[in-house]
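Chain by chain, the residues:
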Amino acid sequence: MKTNFVHWFLHPSDESVKTYRALMDTVVKLITNETMRINKPFSGASRQEIESRVKEMFNLSTVAQKMDDVMEEIQNVIVRNSLWISHPSSMAHLHCPPLLPSIAAEVMINALNQSMDSWDQSPAATYVETELINFFTKQIGYSHDSDGIFTSGGTQSNYMGLLLARNKACQTNFSVNVHEEGLPFEARRLRILCSEHAHFTVQQSAAQLGLGMNAVVKVAANDQHQLCIDDAKKKIVQLRRQGLLPFMIVATAGTTDFGSIDCLKDIAKLANEEHLWLHVDAAYGGALLFSHQYRHLVSDLCLADSITIDFHKLYYQSISCGAFFVKHKQDFKQIAYYADYLNPKEDQEDGIINLVEKSVQTTKRFDALKLLFTFKLMGTHLFGEMVDYTINLAKETANLLKNDPRFEVLNEPEINALLFRYIPSQRWEDPSYVDEINLELQRAFYQSGELIMAKTRQGGKVYLKFTMLNPLNTISKMKTHIERMKQVGEKIEKERGEKRYEYSVHY
Ligand SMILES: *Cc1c(COP(=O)(O)O)cnc(C)c1O
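Just so it is clear, the model here is predicted, and its values are computed rather than measured.

Colleague: Describe the site of the ligand, naming the residues involved and giving the relevant values.
Modeller: As a matter of local geometry, the ligand sits amid 13 residues, with T155, D281, D310, H312 and K313 nearest to it. Note that an oxygen atom of the ligand is positioned 2.8 Å from one of the backbone N or O atoms of G154. Side-chain polar atom of K313 to an oxygen atom of the ligand: 2.9 Å apart, as the coordinates give it. For the shell around the ligand, the class distribution of residues is two nonpolar, eight polar and three charged.

Colleague: Which residues make up the pairing of strand β1 (residues 147-151), and what values do they have?
Modeller: In terms of residue burial, β1 counts as a mostly covered element, since five of its five residues are buried. Neither face of β1 is exposed, since D147, I149 and T151 on one face and G148 and F150 on the opposite face are all buried.

Colleague: Describe the domain arrangement of the protein chain, and please don't skip the residues or the numbers.
Modeller: According to the domain assignment, the protein chain consists of domain 1 (2-106), domain 2 (144-336) and domain 3 (381-506). Each of domain 1 and domain 2 was reduced to a C-alpha centroid, and the two centroids are 38 Å apart. In this assembly, eight residues from domain 1 lie in contact with nine residues from domain 2. Taken together, both faces of the contact between domain 1 and domain 2 bury some 800 Å²; the carbon and sulfur share is 64%. When the buried area of domain 1 at its contact with domain 2 is split by residue, L94, C96 and S102 rank highest and sum to 63% of it. Where domain 1 meets domain 2, there are zero salt bridges.

What counts and what doesn't
Here, residues in each chain are numbered from 1, in the same order as that chain's written sequence. For this predicted model, a pLDDT threshold of at least 70 governs which residues receive local features, and a threshold of 80 or more governs which side-chain atom pairs are given and counted, while totals over whole chains, interfaces and linings are taken from all residues. Hydrogen atoms and water are omitted, and side-chain values are computed over all heavy atoms in the structure. Definition of nearness: a residue and a molecule or strand are near each other if at least one heavy atom of the residue lies within 4 Å of the molecule or strand. We define a polar contact as two N or O atoms separated by no more than 3.5 Å, with the added condition that, inside protein, one atom must be a possible hydrogen donor and the other a possible acceptor, whereas residues neighbouring each other in sequence contribute only through side-chain atom pairs. Residues are grouped as follows: Ala, Val, Leu, Ile, Met, Phe, Trp, Tyr, Cys and Pro are nonpolar; Asp, Glu, Lys and Arg are charged; every other residue, Gly included, is polar. Each residue's exposure class comes from its accessible area (1.4 Å probe, protein chains only) as a fraction of the maximum for that residue type: buried when under 20%, exposed when over 50%, partly exposed otherwise. Each helix corresponds to a stretch of at least 4 residues labelled H or I by DSSP, and each strand to a stretch of at least 2 residues labelled E; elements are numbered beginning at the N terminus. What fixes the domain bounds is an automatic or database domain assignment. Contacts are residue-level and defined by heavy atoms, with any inter-residue pair within 4.5 Å sufficient. Buried surface area refers to the total accessible area, computed with a probe of radius 1.4 Å, that the two partners give up upon joining, counted for both partners together. Just to be clear on terms, a salt bridge is a Lys or Arg side-chain nitrogen sitting within 4 Å of an Asp or Glu carboxyl oxygen.

This is how it looks when you write it as structure tokens:
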């Protein structure tokens, strides 16, 4: 039997190159065709339908299927039922339309398949990541003593912030090297402060790091949804009085719901006075570093001991792409592990960079190439303009909603997230009626596929949310959405009214 697998790998043969081209051409054609035909962000197919159609695809056989058949299936089942995130009406989460340079860079990243753990697996890529980290530490305003590493995203970056801070706290307070000895008993006294609007991964990381979710103490937020300094001070006093040990404060530059930015300068001052590690979660707001109008909002990022920045959010990179930064590079030493086969200590003496020493991942993607390619092709100036445009659009949209009696706006958008709710025209007694109408509105639009927005709860009430990342969105599109929401809202109200009527007639 003659097996021929040569053409399934990249290989210097006509067969291999032909297959590579054919596959690439086919997938590019598929995506370009879809791009031309897409007129709403979602097909509107039901969950049951999508699930059963995907299951049907899994009649996997021992023999190869025909390319055309496979492509057709993928197009009809998967692509057609994917959330089309590049459509401007898709604005639920911090989930961005990827820039074309990022999409194209992925093709190279995949073909090169460099692994960023050790230099011998990524001889050029290691320096690309290192230089991008240097480029960003300069933008942040950090000194030469700073450092960073690419991560899978904000979750991992926040985890690393807590990990380094915890290890340092145990060393300073209990003279225990957690990396080697594990957590001491006294570690149960450690406490972390963050605002009530901080990302859930702060608590999740505390749980994973053996501190427990209850080690995270929530500080109240002020009217602008920022961490309230006075409450933080009060909480610190209370904790110390109870014999507990606050060692870290997490500030957020761009909260997930509101996009609010904590006052970094005041928090840094407090952290300094109280000897707390300051981590800033700038997963969302980190993009303001290149903003022309709003850069001042993140000008104090450099005061942080560690920082999270996501590139797969407001930096418009495809998933995954993020980074973690530290003010003092020696802080990474607390998690360094030397494996003889991968990154022996003698490598360090020879000046060889093995990025695994700074990472919680081993095999790691070459995501840095996407950003390099993007900045080279687009320039940082245009990039900043894009970010500013979306923020200004969110502010204008907030004004439209504010001037309409059918809506209530919860926040003056500091960046481009906007929370609001539909206010029914009918009189209502039960406050949960408004919640239900809003939930139904969100669901109805998802089901029609025409407008994808998120739902969340604030102060026990349901709100709708626009996360307006797409620079191709416009104010006229937003006006249309608002009119449509009113139409659909009225229809839902009417149907509910009729149902209530039927109910009373029936009984
Ligand atoms: C998105 C987000 C995270 C989580 O990041 P992932 O990239 O999804 O892992 C953490 N913090 C904030 C403020 C975020 O917006």
